[in-house]
Amino acid sequence: RQRGTTSRFPEEEQVITQVGHTAYAVNDIEAARRYYCDGLGLQEAFQLHKDDGTLWIVYLKTGNGTFLELFPTPGFEPNDAEVSYKHLCLLVDDMEATVAEMKARGVEFTSETNRGKDGNTQAWTRDPDGNRIELMQIAPDSLQAWASRS
């Protein structure tokens, strides 16, 4: 594992404080709601509508003032070759209990829980539109924990 040691800006000058949201086009908003809310346990925060009254964006709370935005886009078909998105990572406190709870809610996982090269525990799933979702439990000795302390 390699730790980052250089930055263009000293930490006290860093102006980005956290990720505010990630946004996804979804083919079926109801299937997306079932997956993210009923399956993963996120809560719908609010919705925005276009001037004509049609649903534009559904905001889901992911914690600590961050959101996931779902853009209803009927007919949307993801094409991995045309997007730069790789995956969304959601942090959890207890991987074993979280995976068990989500499986009980019908969430299917594409991998077994494992320890990644960064030292953290992870498990992978896909939403109804095929977007890869990583669940991660930060280990005290991981690179992310080290970077957060320094």
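Going by the structure above, here's the rest.
Residues numbered from 1 in each chain as written. Predicted model: local features only at pLDDT ≥ 70, side-chain atom pairs only at ≥ 80, totals over all residues. Heavy atoms only, no water.

Here's the deal with the overall build of the chain
Then step 1. Helices and strands together make up the secondary structure of the chain, namely three helices and eight strands.
Then step 2. When the helices and strands of the chain are listed from N to C terminus, the series reads β-α-β-β-β-β-α-β-β-β-α.
Then step 3. Buried positions account for 31% of the 150 residues belonging to the chain.
Then step 4. Across the chain, every contact between residues at least 6 apart in sequence was considered, and the portion connecting residues at least 24 apart equals 52%.
Then step 5. Summing over all exposed atoms, the chain offers an accessible surface of approximately 10100 Å²; the carbon and sulfur share of this is 49%. (Helix = DSSP H or I, 4+ residues; strand = E, 2+ residues; numbered from the N terminus. Buried < 20%, exposed > 50% of the residue type's maximum accessible area, 1.4 Å probe, protein only. Contact = heavy atoms within 4.5 Å. Areas by Shrake-Rupley, 256 points an atom, 1.4 Å probe, with all protein chains shown as cover.)

Observations concerning the sheet that holds strand β7 (residues 121–126)
Then step 1. Taken in spatial order, the four strands of this open sheet run β5-β8-β7-β6, and their pairing is mixed. Either end of the sheet is taken by a strand with one partner, and the two such strands are β5 (88–91) and β6 (114–115).
Then step 2. Inspection of the sheet shows β5 paired to strand β8 (residues 132–137) by four bridges, in the parallel sense. Residue pairing in the sheet places Cys-89 in a bridge with Glu-134 of β8.
Then step 3. Packed onto the sheet, helix α2 (residues 95–104) meets β7 and β8 and runs at close to 145° relative to β8. (Pairing = 2+ DSSP bridges. Axes fitted to C-alpha atoms, helices over the stretch in contact; angles between N-to-C directions.)

Some details on the environment of Lys-103
Then step 1. Note on placement: Lys-103 falls in helix α2.
Then step 2. Sequence spacing of Lys-103 and Leu-40 is 63 residues, and the spatial spacing of their C-alpha atoms is 9.4 Å.

Examining the side chain of Asp-129
Then step 1. Among the structural elements, Asp-129 can be located in the loop between β7 and β8.
Then step 2. In this structure Asp-129 is buried but unpaired, with Arg-34 as the nearest side chain of opposite charge at 10 Å.
Then step 3. Here the side chain of Asp-129 touches Asn-27 through a polar contact of 3.0 Å, landing on its backbone nitrogen.
Then step 4. Not counting the four nearest positions on each side in its chain, Asp-129 is found in contact with Ala-25, Val-26, Asn-27, Phe-76 and Pro-78. (Lys, Arg positive; Asp, Glu negative; His and termini not counted. Salt bridge = Lys/Arg side-chain N within 4 Å of Asp/Glu carboxyl O. Polar contact = N/O pair within 3.5 Å; in protein donor to acceptor, adjacent residues only side chain to side chain.)

A closer look at the side chain of Gln-122
Then step 1. Structurally, Gln-122 is set in strand β7.
Then step 2. A polar contact of 3.0 Å, which involves the side chain of Gln-122, links it to the side chain of Trp-124.
Then step 3. One polar contact links Gln-122 to Glu-134, side chain to side chain, over a distance of 3.5 Å.
Then step 4. Once residues within four sequence positions are removed from consideration, Gln-122 is found in contact with Met-95, Glu-112, Thr-113, Asn-114, Gly-116, Glu-134 and Leu-135.

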